[in-house]
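Each chain is listed here by its residues.
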Amino acid sequence: GCGRRRGGSVTGSVTGGGAWVLLVDDEPLGMRLLSRGIEAMGVRTRFARNGPEALETLETLKAAGNAPPALILTDYYMPGMTGVELAGALVQAGLKRCPVILLSGEDDSEIVQRGLAAGVDDFLVKGMPFSVLTERVRFWSEGPFRALPQHMRRAALKTMERLAPPHAPVQR
């Protein structure tokens with residue numbers, strides 16, 4: 001999955017022809033802005049307006065034997081299903097075959113904790129420079145990881161539970 005083949009080599013690097021990113025957001029303007037930044041890297045984008053639509057898209061692709069996206073970028077606040085709930089649903093349905101980055105307008109440690117526990121791999125605060133977005137897209141789609149390694153996820157959660165008061169901003 002995620003454009004990789006055995007041996008760790010990338011078959012669909014983010015700047016290659018086959019890679020694409022799934023953007024999940026109920027705000028069309030937000031999707032267009034993200035899409036513009038990602039497509040400037042030479043990467044195709046597809047859209048889903050909410051969590052259930054994203055799940056349906058990924059189920060259809062998997063059933064047809066098509067490659068998953070190189071990356072999923074999802075908004076946190078969406079009607080019916082948050083981005084954290086989407087990540088959990090992807091894990092439960094066996095559809096999480098690539099990294100999930102959660103976008104939020106809030107820099108809140110509780111969202112990060114819930115996201116890590118559900119299967120989110122990285123977090124971006126809306127309004128970040130496009131250079132930060134492109135760095136993260138490249139890291140997750142061209143780097144060695146399909147997801148945050150479980151031992152790192154557990155360690156991050158333990159550290160956050162011990163150190164971060166609820167709703168504390170996450171340091172950038």
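Along every chain, residues carry numbers that run from 1 in the direction the sequence is written. For this predicted model, a pLDDT threshold of at least 70 governs which residues receive local features, and a threshold of 80 or more governs which side-chain atom pairs are given and counted, while totals over whole chains, interfaces and linings are taken from all residues. Excluding hydrogens and water, the side-chain figures rest on all heavy atoms present in the structure.

Chemist: Quick question: what am I supposed to make of the packing of helix H2 (residues 51-63) against helix H3 (residues 83-92) here?
Modeler: Packed helix pairs are specified by the crossing angle of their axes together with the interaxial distance, meaning the distance between the axes. Interhelical geometry of H2 versus H3 gives an angle of 25 degrees and a closest axis separation of 10 Å. Overall, the two elements H2 and H3 adopt an arrangement that is roughly parallel. In the packing of H2 onto H3, the handedness of the crossing is right-handed. Mapping the contact onto sequence places Gly51, Ala54, Leu55 and Leu58 in H2 and Leu86, Ala89 and Leu90 in H3. For the contact of H2 with H3, the residue count by class is six nonpolar, one polar and no charged. To obtain an axis, a line is fitted to C-alpha atoms, over the contacting stretch when the element is a helix, and the angle between two such axes runs from 0 to 180 degrees between their N-to-C directions. For helices the rule is a DSSP run of H or I covering at least 4 residues; for strands it is a run of E covering at least 2, with both sets numbered from the N terminus onward. Any angle from 65 to 115 degrees is called roughly perpendicular, while one under 35 is roughly parallel, one over 145 is roughly antiparallel, and all others are oblique. Left-handed describes a crossing in which the near helix is turned anticlockwise from the far one by less than a right angle; the clockwise case is right-handed. Here a residue-residue contact requires only that any non-hydrogen atoms of the pair lie within 4.5 Å. Note on residue categories: nonpolar means Ala, Val, Leu, Ile, Met, Phe, Trp, Tyr, Cys or Pro, charged means Asp, Glu, Lys or Arg, and polar means any other residue, Gly included.

Chemist: Where do I start with the pattern of salt bridges in this structure?
Modeler: Pairing is possible between side chains that carry opposite charge, provided their charged atoms lie close to one another. A side-chain nitrogen of Lys or Arg and a carboxyl oxygen of Asp or Glu constitute a salt bridge if their distance falls within 4 Å. Tallied over the entire structure, the rule returns six salt bridges. Here Arg153 makes a salt bridge to Asp121, at a shortest N to O gap of 2.7 Å. Of the two residues, Arg153 sits in helix H6 (residues 150-163) while Asp121 sits in the loop between helix H4 (109-118) and strand S5 (122-125), which places them 32 residues apart along the sequence. Three exposure classes are used, based on accessible area relative to the maximum for each residue type with a 1.4 Å probe and protein chains only: buried under 20%, partly exposed in between, and exposed over 50%. Since its relative accessible area comes to 4%, Asp121 is described here as buried. Residues joined by salt bridges that share partners form a network here, namely Lys96, Asp121 and Arg153.

Chemist: Hey, could you run me through the sheet that holds strand S3 (residues 71-75) in this one?
Modeler: As summarised here, the arrangement of the five strands in space is S2-S1-S3-S4-S5, forming an open sheet in which the pairing is parallel. At either margin of the open sheet sits one strand with a lone partner, and together these are strand S2 (44-48) and S5. For this sheet, the mean angle separating the axes of adjacent strands, direction not counted, is 25 degrees. Helix H1 (residues 28-39) rests against strand S1 (20-24), S2, S3 and strand S4 (100-104) of the sheet, and its axis sits at about 160 degrees to S2. Whether two strands pair depends on DSSP finding at least two bridges between them.

Chemist: Quick question: what am I supposed to make of the pairing of S4 here?
Modeler: For S4, the tally of buried residues reaches five of five residues, placing the bulk of the element in the interior. Across the two faces of S4 the burial is the same, with Val100, Leu102 and Ser104 and Ile101 and Leu103 all buried. Handedness of a crossover: with both strands directed away from the viewer, a clockwise path from the first strand across the helix to the second marks it as right-handed. Remark: the S3/H3/S4 crossover connection has right-handed handedness. Pairing between S4 and S5: four bridges, direction parallel. Across the sheet, residue Leu102 finds its bridge partner in S5, namely Phe123. Considered for its hand, the β-α-β crossover made up of S4, H4 and S5 is right-handed.

Chemist: Whenever I open this one, the side chain of Arg153 confuses me. Can you help?
Modeler: The class of Arg153 is buried, set by a relative accessible area of 6%. Under this definition, polar contacts are N or O atom pairs within 3.5 Å; protein pairs additionally need one hydrogen-donor-capable and one acceptor-capable atom, and for neighbouring residues in sequence, both atoms have to be side-chain atoms. At 2.7 Å, the side chain of Arg153 forms a polar contact with the backbone oxygen of Val120. What Arg153 contacts, discounting residues up to four positions off in sequence, is Gly115, Leu116, Gly119, Val120, Asp121 and Leu148.

Chemist: Would you mind going over H3 with me for this structure?
Modeler: Each turn of an α-helix holds 3.6 residues, which means side chains three or four residues apart point in the same direction. Gly83, Val84, Leu86, Ala87 and Leu90 are the residues of H3 that are buried. All buried residues of H3 fall inside an arc of 160 degrees around its axis, so they share one side. At its buried positions, H3 is contacted by S1, H2, S3, S4 and H4. Note on H3: the residue one or two positions beyond its end, Gly94, has a positive phi of about 70 degrees. Working note: the arc is built from the helix axis to C-beta atom directions.

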